[in-house]
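In case you want the letters, here they are:
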Amino acid sequence: MQIEHPSSETEAQALQEALAAQVISDDQFDSVTTIAGTDVAYDDATNQLVGAIVVLDACTLEIIETQVVTESVRFPYIPGLFSFRELPPLLSAFERLTHKPDMIVCDGQGLAHPRRFGLACHLGVVLDIPTIGCGKTRLTGTHETPLETRGASTPLIDNEQVIGEVLRTQDNIKPVYVSVGHKVSLSTAKEWILKLTPKYRLPETTRQADQQVNKALKALQAQG
DNA sequence: GCGACAG
DNA sequence: ATCTTGTCGC
C-alpha cells in the first residue's frame with residue numbers, strides 16, 4: 001500500500017485539502033478488542049526512518065503483535081506536512097500485521113491541524129480504520145491551562161472551532177493534545193486516552209511503539 | 001516583517 | 001526529533 005507522494009509543498013497542501021473532506025468525526029465502529037500504537041524515529045547516519053506499530057489487547061493492554069520497518073526518507077519534515085514523511089513506513093508496518101487492530105492511536109495530531117488533516121486523519125482515511133490523534137505538543141490552536149488533576153481538560157480552539165482537547169493524563173504532569181483522527185468522536189477519543197494512561201503521561205500504545213522504535217534504532221546504529 | 005511550527 | 005540553559009508568561 002502506498003500514498004501519493006507530492007513533489008512540492010503546494011501539492012502536498014492541496015492533497016490534504018482534498019483528503020480532509022473524507023474524514024469522519026463521529027463514532028463509526030463496533031467493539032474494540034485490539035488497539036494499536038504507532039511511532040517513527042529518524043536515523044541521521046543512514047537517513048532512514050524506523051516505523052513501528054504495536055497491537056495491544058484493549059482490555060489487558062498486553063502486547064499481541066509488533067511490526068517494525070526501516071525505510072529511506074521520502075519527504076522532509078515540514079510542520080503541517082508531517083504525514084507525508086511518516087506514513088510510508090507506518091503503512092509498510094501495517095501491511096505486515098497478522099492481527100489488524102480495531103483502532104489506532106497515533107503519535108501526532110488529527111484534526112488539530114491547520115488544514116484539519118494531521119497524521120492521524122491521514123492514516124485513518126487511507127486504511128479506513130478508526131484513529132485517534134495524541135500529540136505531546138501543540139501544532140495549532142489556543143487553549144486555557146487545564147486543572148492539574150488527571151482527567152481535567154480544556155478545549156483546543158482554532159478559528160472559533162473546537163479542534164481538540166488538552167487533556168491532563170496524570171496529576172501535575174504536562175497535558176497531551178487529543179484530537180479526532182477518523183471514525184472516532186472527540187469525547188470517545190478522550191475516554192480512550194484516559195483508559196490507556198493508567199500510570200504514565202503517554203498512552204501505553206504510544207509507549208510500546210516508542211520502545212520498539214528505539215530498540216530498532218539502536219540496533220541500526222550498532223551496525224554502520 | 002518577525003515569530004511560531006506535530007516528530 | 002535532540003541538546004541544553006535556566007527557571008511566570010505575554
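Residues numbered from 1 in each chain as written. Chains lettered and ligands numbered in written order. Predicted model: local features only at pLDDT ≥ 70, side-chain atom pairs only at ≥ 80, totals over all residues. Heavy atoms only, no water.

Our working definition: UniProt positions are given in the numbering used here, feature names are shortened, and annotations may be inferred rather than shown by experiment.
As recorded in an unreviewed UniProt entry, chain A goes by Endonuclease V and comes from Pseudoalteromonas rubra. Its UniProt record, at the heading Catalytic activity (unreviewed entry), says of chain A: "Endonucleolytic cleavage at apurinic or apyrimidinic sites to products with a 5'-phosphate." Quoted verbatim from the Cofactor (unreviewed entry) heading of the UniProt record, the comment on chain A is "Mg(2+)".

1. Some thoughts on the overall build of chain A
Rules: Secondary structure elements follow DSSP: runs of H or I of four or more residues count as helices, runs of E of two or more count as strands, with numbering from the N terminus. Whether a residue is buried, partly exposed or exposed follows from its accessible area with a 1.4 Å probe, protein chains only, as a fraction of its type maximum: under 20%, in between, or over 50%, in that order. Residue contacts follow a heavy-atom distance rule, with two residues in contact if any of their heavy atoms lie within 4.5 Å. Charged residues are defined narrowly, with Lys and Arg counted positive, Asp and Glu counted negative, and His plus the chain ends left uncounted. Here the site of a charge means atom NZ of a Lys, CZ of an Arg, CG of an Asp or CD of a Glu.
Across its full length, chain A holds 5 helices and 8 strands. Written out in order from the N terminus, the α and β elements of chain A read α-β-β-β-α-β-α-β-β-β-β-α-α. Along the three orthogonal principal directions, the C-alpha set of chain A runs to about 45 × 40 × 35 Å. For chain A, the residues scored as buried account for 55% of the 224 residues in total. Excluding contacts between residues fewer than 6 apart, the proportion of contacts in chain A whose partners are at least 24 apart in sequence is 64%. In chain A, which carries 19 positive and 28 negative side-chain charges, the distance between the mean positions of the two groups comes to 6 Å.

2. Remarks on the nonpolar core
Just so we agree on the cut-off: To form a nonpolar core, buried Ala, Val, Leu, Ile, Met, Phe, Trp, Tyr and Cys residues must be joined to one another through side-chain atoms within 4.5 Å.
Judged by nonpolar contacts, the single largest core of 34 residues is most densely connected at Ile53, Phe84, Phe94, Ile104, Leu123 and Leu127. Counting only elements with at least two residues in this core, the list comes to α1 (9-19), β1 (34-43), β2 (48-57), α2 (82-96), β4 (103-106) and α3 (119-127). The contacts of Leu123, once residues within four sequence positions are left out, are Thr38, Leu87, Leu91, Ile104, Cys106, Asp128 and Thr131.

3. Some words on the UniProt feature "binding site: Mg(2+)" (unreviewed entry) in chain A
Under the convention used in this document: In this analysis, the protein atoms alone were mapped onto a 1 Å grid. Cavities are point sets where a 1.4 Å probe fits without being able to get out; pockets are open sets with protein on both sides within 12 Å along at least five of seven lines; lining residues have an atom within 4 Å of a point.
Summarizing the sequence annotation, UniProt attributes the feature "binding site: Mg(2+)" (unreviewed entry) to Asp39 and Asp107 in the numbering used throughout. Across 69 residues of sequence, these annotated residues stay compact in space, with a maximum C-alpha separation of 5.9 Å. Residues that both appear in the annotated list above and line the largest pocket are Asp107. Leaving out residues up to four positions away in the same chain, Asp39 has contacts with Val50, Gly51, Ala52, Leu90, Asp107, Ala209, Asp210 and Val213.

4. Structural notes on the protein's contact with DNA strand B
Operational definition: We call a residue near a molecule or strand whenever a single non-hydrogen atom of that residue lies within 4 Å of it. We define a polar contact as two N or O atoms separated by no more than 3.5 Å, with the added condition that, inside protein, one atom must be a possible hydrogen donor and the other a possible acceptor, whereas residues neighbouring each other in sequence contribute only through side-chain atom pairs. Only Asp, Glu, Lys and Arg are considered charged, only Ala, Val, Leu, Ile, Met, Phe, Trp, Tyr, Cys and Pro nonpolar, and every remaining residue, Gly among them, polar.
In the neighbourhood of DNA strand B, 17 residues make up the surrounding shell, with Tyr77, Phe82, Leu119, Lys136 and Thr137 lying closest. The share of sugar and phosphate among atoms of DNA strand B within 4 Å of the protein is 53%. Contact between DNA strand B and Asp107: a sugar or linking oxygen at 3.2 Å from a side-chain N or O atom of the residue. Between a base nitrogen of DNA strand B and a main-chain N or O atom of Gln109, the distance comes to 3.1 Å. For the surface near DNA strand B, a count of residues per class yields 6 nonpolar, 7 polar and 4 charged.

5. Digging into the environment of Ala12
If you trace the backbone, Ala12 turns up in helix α1. With 146 residues separating them in the primary sequence, Ala12 and Asp158 have C-alpha atoms 21 Å apart. When neighbours within four sequence positions are excluded, Ala12 is seen to be in contact with Pro6, Phe75, Leu81 and Phe84.

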